[in-house]
Protein chains: 2
Amino acid sequence: MIENNYYSQDIHGPYERIGIGDLELEEGGTIPDCTLAVATHGTLNAARDNAILIPTWYSGSSRIMEQVYIGPGRALDPERYFIVLANQIGGGLSTSPHNTDGALGMAGFPKVRIGDDVRAQHRLLTAHFGIDTLALVVGGSMGAQQTYEWAVRYPDMVKRAAPIAGTARNTEHDFLFADTLIEAITTDPDFRSGRYLQSSDVSDGLRRHARLWTVMGWSPDFFRTGRHLAMGFESVQDFVERFMVAYFAPMDPNDLLCMAWKWQHADVGRHAGGDLKAALGRIRAKTFVMPISHDMFFPLADCRAEQAMIPGSEFRPIDSVDGHFGLFGYDPDYAAQIDAHLSELLAFDVT
Amino acid sequence: MIENNYYSQDIHGPYERIGIGDLELEEGGTIPDCTLAVATHGTLNAARDNAILIPTWYSGSSRIMEQVYIGPGRALDPERYFIVLANQIGGGLSTSPHNTDGALGMAGFPKVRIGDDVRAQHRLLTAHFGIDTLALVVGGSMGAQQTYEWAVRYPDMVKRAAPIAGTARNTEHDFLFADTLIEAITTDPDFRSGRYLQSSDVSDGLRRHARLWTVMGWSPDFFRTGRHLAMGFESVQDFVERFMVAYFAPMDPNDLLCMAWKWQHADVGRHAGGDLKAALGRIRAKTFVMPISHDMFFPLADCRAEQAMIPGSEFRPIDSVDGHFGLFGYDPDYAAQIDAHLSELLAFDVT
């Protein structure tokens, strides 16, 4: 356990930390008294059928989902829906390496899979909130991985699904990219095999990690069209330092590594003995597959190939030169595209 | 200076090392007795107008250009043309950090720009071979950077130009990518600021460098369509180890860094006070701009934007899921596409 004010209520709240009991893990081991950081908006209706679940992405928290994706008058409207934002395990707000005591803390934290998050969230929704139907599960990147896992694992519960900029089975290319991120951190001598005294000790590794993200997270077109300058930065180096390096600098390295491993091993195919098509064939949710046009590691073609395996699904790409980080919502045309697709999806009669 | 058998005649030859005298450098300083490693094929005709120049790319030598690009009956036919393959400075065969003695050797090697290579090659062609017209300059990646530099700097001498998978001015995105490669090497503690005792001391850094290349050098579609398996590897990890890591492992780190810096700073715009369009407007060569469809760091759009600035030029993309490393020629459809475009270009009447 280590102090890290970055994950505080001041920065990411308000959120509630809700215990869901001991969580047995797919890869073995147990997280005792697993706690999920949860934010909610809106009210569950009498029929208990207006709930929307939003999981989180790598390095992100519920806060950015609130800021970029939900709001009155938007598709994800808290005046119509009861919106549950559940922070992923290892993300820093829920149970994570940096906030866990004893032998399971820090580098001793067990391997967690997307399926563990989804089972934890299922327990949260059913036991804590008394919800047994979800009008929609929507998430980006690792949030999309969780969305796919939800739709395959609980096909009767999930009525609609919108995986944005992510895949159901992580690709080999994506695995290799995540490996480079992991190496950027773990090869910093001050990482000390995960036994650093404070996260800032690993600043060199975090910095390299941020620079790798700069190359793969946006796109060549983003830089060519000067989007970084349009965002208010003076130069590409200014953008790298004040946006990318600054964004990742306060995060906990072991937390990031927990998420990176989870991201790499996402695969709904394991529900059908490795048969991805059979697993995706179980989905009964109306599904809009929503990749982002210029995404360099969850590219259109990879997402399209999976969409073709999902019964009744539709391919709804989002156009943005911001690439994967279109997710951040800086592209002024992003939110309107997201809302148009999600509004149409939510209007879809699934009875 | 350091022994490195990788750059030997056995592996890259036969080549001749030709002195072109002292080379004053754009960034300051001089390479005394600069030597270029040169391979030639074919015979210079009586009119001295059938010469083709082929510069080399990052980490590559004249050998792969001979193996993949030239041959009897092909567009680059040594029975019709006098083909000069000139290895770039810093590439390991010509004057390079690892083979330079004294204060200028190893980490003391001066900064070299694309323009320095092109002036050195110009001296080689005019003074050594007595050539003052080039039927074609063609190269890939950093070879494309040299091709653009040739066409802008010596517009009367270059009759045709074919930059493959490269740009005339390096982009910000590409600069950041090259930075990650540089960091992969220089952050290895055994790099010792370039004062390692043998290149294998830096194996960790070279390994990380190879893994970054795996992510950016090919493409997501390459892995999704199983091209690495079609190339005979058992798995993606087998491909990473036996192809990518093995390819870069014997190379000299300081040589790679010399090339990486040069690659980052390529910019023909400096011939026109920073005005790229004005510089490219000077080109009188018939130019085919030939990016590769799935290239992740010299993408179609970046190359297209430059092509639009070159008088009389044509945009001739090559289709290959192999991405940038399509250059290696493993895609069975690659050579035929290259030959079709180059044959048409060479048939173009430039008188």
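In this text the structure is predicted, and so the values were computed from the model without any measurement.

Q: Got a minute to help me understand the overall build of chain A in this structure?
A: Within chain A one finds 13 helices and 10 strands. For chain A, whose C-alpha radius of gyration is 19 Å, the value lies close to the compact-globule estimate of 20 Å for 351 residues. Burial status across chain A gives 55% buried among its 351 residues. Long-range pairs, those at least 24 residues apart, make up 75% of the contacts in chain A between residues at least 6 apart in sequence.

Q: Explain the sheet that holds strand β9 (residues 286-289) of chain B here, please?
A: Strand pairing in a sheet relies on backbone hydrogen bonds. The paired strands run either parallel or antiparallel. Residue and element names in this part refer to chain B. With mixed pairing, the 8 strands of this open sheet are ordered in space as β1-β4-β6-β5-β7-β8-β9-β10. With partners counted over all chains shown, the strands left at the sheet margins are β1 (16-19) and β10 (314-315), one partner each. Sheet topology note: the β1/strand β4 (residues 35-41) ladder contains 4 bridges and is antiparallel. When the sheet's bridge partners are listed, Gly19 is paired in β4 with Thr35. Sheet contacts for helix α4 (residues 142-153): β5 (51-55), β7 (136-140), β8 (160-164) and β9; angle to β7, the most-contacted strand, approximately 150°.

Q: Teacher, can you tell me more about unusual backbone geometry here?
A: Working note: non-glycine residues mostly have negative phi, and peptide bonds are mostly trans. Residue and element names in this part refer to chain A. Of note, the bond from Gly13 into Pro14 is cis; its omega dihedral lies within 30 degrees of zero at 0°. Here Pro14 is to be found in the loop between α1 (9-12) and β1 (16-19). Phi angles above zero are rare outside glycine, and Arg48 is one such case at about 55°. Positive phi, normally seen in glycine, also occurs at Met106, with a value near 50°.

Q: Where do I start with the interface of chain B and chain A in this structure?
A: How big an interface is tends to be expressed through the accessible area that disappears when the partners come together. Taken together, the contact pairs 25 residues of chain B with 25 residues of chain A. Contributing elements (two or more residues each) for the side of chain B that touches chain A: α5 (172-186), α6 (203-217), α7 (220-224) and α12 (300-307) of chain B. Considering each element in turn, the side of chain B that touches chain A owes the most residues, 7 residues, to α5(B). Its residues assigned to classes, the side of chain B that touches chain A shows 13 nonpolar, 4 polar and 8 charged.

Q: How should I be thinking about the nonpolar core in this particular structure?
A: Soluble, globular proteins show a tendency: their nonpolar side chains are buried together. By size, the foremost hydrophobic cluster in this structure holds 218 residues, and its most contacted members are Ile52(A) and Ile52(B). Ile52(A) has contacts with Leu76(A), Tyr81(A), Ile83(A), Leu134(A), Ala135(A), Leu136(A) and Val138(A), leaving out every residue within four places of it along the chain.

Q: Would you mind showing me how to read the sheet that holds strand β10 (residues 314-315) of chain A here?
A: Residue and element names in this part refer to chain A. Ordered in space as β1-β4-β6-β5-β7-β8-β9-β10, the 8 strands form an open sheet in which the pairing is mixed. Across the chains shown, the open sheet's two edge strands, defined by having one partner strand only, are β1 and β10. For strand β8 (residues 160-164) and strand β9 (residues 286-289), the ladder comprises 2 bridges, and the chain directions are parallel. What sits directly across from Arg160, in β9, is Lys286. Along the sheet, helix α13 (residues 334-347) contacts β7 (136-140), β8 and β9; its crossing angle with β8, the most-contacted strand, is approximately 160°.

Rules used in this analysis
Residues numbered from 1 in each chain as written. Chains lettered and ligands numbered in written order. Predicted model: local features only at pLDDT ≥ 70, side-chain atom pairs only at ≥ 80, totals over all residues. Helix = DSSP H or I, 4+ residues; strand = E, 2+ residues; numbered from the N terminus. Rg over C-alpha atoms; globule rule 2.2 N^0.38 Å. Buried ≥ 20, exposed ≤ 12 C-beta atoms within 10 Å, placed from the backbone. Contact = placed C-beta atoms within 7 Å. Pairing = 2+ DSSP bridges. Axes fitted to C-alpha atoms, helices over the stretch in contact; angles between N-to-C directions. Nonpolar A, V, L, I, M, F, W, Y, C, P; charged D, E, K, R; others polar. Core = buried A, V, L, I, M, F, W, Y, C linked by C-beta atoms within 7 Å.

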